[in-house]
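An overview of the molecular structure
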Amino acid sequence: MKRYDVIVAGAGVAGIAAALECARSGMKTALVEKTILPGGLATSGMVNIYLPLCDGKGRQVIHGISEELLKASIKYCPGSIPAGWGGVPGEKDKRYLAVFNPSACVLAFDELLEQKNLDIWYDTQISGAAVKGSKLTSLEVLNKSGKLMLEAGCFIDATGDADIANFAGAECEEGSNSLSLWAMNAYPDKQGAAVAMIRFGADDSGRGHPKNAPVLKGTSGKDTTTFVLESRKLLRNHYANLKDGRTRETEYPVCLPTMAQFRTTRKIKGLASVRNDAFNKNIDDSVGIIPEWRFAGKTWEVPYGSLIPVKIKGLLAVGRCMDAEKGDAWNVARVIPCAALTGQVAGISAVLSVEHETSPDNIDLKDIRNVLDKRGILYHL
Ligand SMILES: Cc1cc2nc3c(=O)[nH]c(=O)nc-3n(C[C@H](O)[C@H](O)[C@H](O)COP(=O)(O)OP(=O)(O)OC[C@H]3O[C@@H](n4cnc5c(N)ncnc54)[C@H](O)[C@@H]3O)c2cc1C
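Counting from 1, residues in each chain are numbered in the order their sequence is written. Only residues with pLDDT of at least 70 get local features here, since the model is predicted, and only at 80 or more are side-chain atom pairs given and counted; chain-wide, interface and lining totals rely on the full set of residues. The basis for every side-chain value is the complete set of non-hydrogen atoms in the structure, without hydrogens or water.

1. Let's talk about unusual backbone geometry
- For Asp123, which is not a glycine, the phi torsion comes out positive at approximately 55 degrees.
- The way it works is that DSSP assigns letters per residue, a run of H or I at least four long becomes a helix, a run of E at least two long becomes a strand, and they are numbered from the N terminus. With respect to the element layout, Asp123 can be found in the loop between strand S5 (118-121) and strand S6 (125-132).
- Using a 1.4 Å probe on the protein chains alone, a residue whose accessible area is under 20% of its type maximum counts as buried, one over 50% counts as exposed, and one in between counts as partly exposed. We classify Asp123 as partly exposed; its relative accessible area is 40%.
- For Asp244, which is not a glycine, the phi torsion comes out positive at approximately 55 degrees.

Shown next as structure tokens:
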């Protein structure tokens, strides 16, 4: 048994932001990740657009570690934030975003995660949770050393799939996933674009889902296997049917995702939810603002309760698995910049919970906002 102040489960962008906030605040922090890379879908999943931190009308709404991660994502590769993002309302290519290379992003995230108080556990799968009364007390993990228990004062579920909440018996809701595959393609004959992303399957609205392919929840081992095999088949069919003079000499795969590209698998039932119809509205217990990435002018305030599962104490859920209503709200809350924002907010709450020896649901909103103000994070427009 090892003991930490805070354990962050999953090292996607949400988990990275949470772990950085906790470690920098002096908490003895563990970041537990089943793969060997930081970044989750953004790196292992090869999703390479850090969507906007602005509202599309020239106003930045996300600050803090999310902005730090955006800048890190292009530190070791070509790429830039569009120079005119603040001055050209509504133009997608003029928003505060970045297109990055996933491998370069890993190197920059590694660098950021070199923190004195942070213990990283890669290649370590969380396989269970122990709950006393209604309080989460420890996680069961499995790695090369075998099975062991990790204990903490507070936990952050950043698994994208609400694995921890589910293991702890919290109420959750499942999503569904059309088939998608983003991979890196080589074009050795193309000058200046020798390597580029290639995309198959459905977009975020499900358009492009191949006929007869299964739509999967992504919350079982079998679903994951079916999803990755079916999505790689899309790519294989592409190479098997190259036309117009293109051959395996002029086009071939160079890097495949090593994580299933599920968008919405499982999320917590929280004390509150980001609601579809609550855009451009003031929320009393807001702890952050997230922008619509598909078009300009809509933002949602994030209620603190959307990070806290009902009934289970000592746990926060962030990123893809926080509570946001199915539809626009989940579609907006789950993307990279928003996941990093909610990760940092949960980190702030976890630090206060440990300091006050209590659970996130007992933390005074004023105390959280005090830290948000210090970090320059906006919660009302
Ligand atoms: C096809 C596709 C295209 C997308 N396009 C974009 C885009 O262009 N821009 C954008 O901003 N967003 C995009 N998204 C969404 C975005 O990538 C993710 O929603 C976001 O990265 C989620 O971050 P996260 O940290 O919440 O979760 P994840 O990135 O899912 O990270 C969760 C981490 O937890 C780990 N983990 C899970 N379970 C366990 C366990 N039991 N034990 C230990 N570790 C565990 C995982 O390995 C992973 O590293 C896209 C998603 C998909 C699928």
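That shown, we press on.
2. So, the packing of helix H2 (residues 65-73) against helix H3 (residues 102-112)
- Where H2 contacts H3, the two axes come as close as 8 Å, and the packing angle between them is 135 degrees. The angle between H2 and H3 places the two elements in the oblique class. Of H3, the residues touching H2 (which contributes Glu68, Leu69, Ala72 and Ser73) are Cys105, Ala108, Phe109 and Leu112.
- In the scheme used here, Gly and all other residues not listed as nonpolar or charged are polar, with Ala, Val, Leu, Ile, Met, Phe, Trp, Tyr, Cys and Pro taken as nonpolar and Asp, Glu, Lys and Arg as charged. Classifying every residue of the contact of H2 with H3 by side-chain character gives six nonpolar, one polar and one charged. The axes used here are C-alpha line fits, helices contributing only the stretch in contact, and every angle between their N-to-C directions lies in the interval 0 to 180 degrees. Here the angle decides the label: under 35 degrees means roughly parallel, over 145 means roughly antiparallel, 65 to 115 means roughly perpendicular, and every other value means oblique. Any two residues whose heavy atoms approach within 4.5 Å at even a single point are treated as in contact.

3. Here's the deal with the site of the ligand
- Here a residue is considered near a molecule or strand provided that any single heavy atom belonging to it is located within 4 Å of it. In the vicinity of the ligand lie 34 residues, with Glu33, Leu41, Ile49, Arg320 and Arg334 positioned nearest.
- Within the backbone of Leu41, an N or O atom sits 2.8 Å from an oxygen atom of the ligand.
- Each polar contact in these results corresponds to two N or O atoms within 3.5 Å; when the atoms are within protein, one needs to be able to donate a hydrogen and the other to accept it, and residues that are neighboring in sequence are counted only if both atoms are side-chain atoms. Here a nitrogen atom of the ligand sits 2.6 Å away from a polar atom, N or O, in the main chain of Ile49.
- In these tables, accessible area is a Shrake-Rupley quantity obtained with a 1.4 Å probe, and a residue counts as shielded only by the protein chains included in the view. In isolation the ligand has 1000 Å² of accessible area, and contact with the protein removes 98% of it.
- When atom positions are compared with the pocket grids, the ligand is found to occupy the largest pocket.
- If you tally residues by element for the shell around the ligand, the top one is helix H7 (residues 336-355), at three residues. Every definition here rests on a 1 Å grid over the protein atoms only: cavities are sets of points where a 1.4 Å probe fits but cannot get out, pockets are open sets enclosed by protein on both sides within 12 Å along at least five of seven lines, and lining residues have some atom within 4 Å of a point. Just a note on the criterion: a molecule sits in a pocket or cavity if more than half of its atoms are within 2 Å of the grid points.

4. Some details on the pattern of salt bridges
- Basic side-chain nitrogens of Lys or Arg form a salt bridge, by our definition, when they fall within 4 Å of a carboxyl oxygen of Asp or Glu. If you walk through the whole model with that rule in mind, you get 22 salt bridges.
- For Arg59, the salt bridge goes to Asp55, with nearest N and O atoms at 3.2 Å.
- By relative accessible area, which is 3% here, Asp55 ends up buried.
- Here Arg294 makes a salt bridge to Glu292, at a shortest N to O gap of 2.8 Å.
- For Arg294, a relative accessible area of 26% gives the class partly exposed.

5. Comments concerning the side chain of Gln60
- Position of Gln60 among the secondary structure elements: in the loop between strand S3 (49-50) and H2.
- We classify Gln60 as buried; its relative accessible area is 15%.
- Polar contacts involving the side chain of Gln60 include one to the main-chain carbonyl oxygen of Ile62, which spans 2.8 Å.
- Within polar-contact distance, the side chain of Gln60 engages the side chain of Glu67 at 3.1 Å.
- If near-sequence neighbours (up to four positions away) are discounted, Gln60 is found in contact with Leu53, Cys54, Glu67, Trp85, Tyr96 and Leu378.

6. Section: the layout of surface pockets
- Considering only enclosed or pocket space, the largest pocket measures out at about 850 Å³ in volume.
- Taken together, 44 residues make up the lining of the largest pocket; nearest its centre are Leu41, Ala42, Phe262, Arg320 and Arg334.
- Of all the secondary structure elements, the ones that give two or more residues to the lining of the largest pocket are helix H1 (13-24), S6, strand S10 (180-186) and H7.
- Residues belonging to the lining of the largest pocket are distributed by class as follows: 20 nonpolar, 14 polar and 10 charged.
- Note: domain ranges come from an automatic or database domain assignment. Two domains each put at least three residues into the lining of the largest pocket: domain 1 (2-175 + 265-375) and domain 2 (180-255).
- Considered as a void within the structure, the second largest pocket measures approximately 280 Å³ in volume.
- In terms of lining, the second largest pocket is formed by 16 residues, of which the most central are Ser176, Asn177, Asp204, Arg263 and Thr264.
- In the lining of the second largest pocket, the residues fall into two nonpolar, nine polar and five charged. Grid points are joined across faces, edges and corners, and a volume is the space filled by probe spheres set on the points.

7. So, the pairing of strand S2 (residues 29-32)
- Of the two faces of S2, both are covered, the one formed by Thr29 and Leu31 as well as the one formed by Ala30 and Val32.
- Two strands pair when backbone bridges link them, and strand S1 (residues 2-9) and S2 are joined in this way by four bridges, in the parallel orientation. Bridge assignment links Ala9 to a residue of S2, and that residue is Val32.
- Viewed along the sheet, the connection from S1 through H1 into S2 turns out right-handed.
- In this analysis, strands are considered paired if DSSP registers two or more bridges between them. Across four bridges, the pairing between S2 and S5 is parallel. By the bridge assignment, Leu31 is partnered in S5 with Ile120. Whether a crossover is right-handed comes down to one check: with the strands pointing away from the viewer, does the path from the first strand over the helix to the second run clockwise; if it does, it is right-handed.

8. Regarding the sheet that holds strand S12 (residues 252-255)
- Read across the sheet, three strands follow the order S11-S10-S12 without closing on themselves; strand pairing throughout is antiparallel. A strand with exactly one partner marks an edge of an open sheet, and here the two such strands are strand S11 (195-201) and S12. Mean inter-strand twist for the sheet, computed between neighbouring axes without regard to direction, equals 50 degrees.
- Inspection of the sheet shows S10 paired to S11 by seven bridges, in the antiparallel sense.

All quantities given are derived from atomic positions and should not be read as evidence of function.
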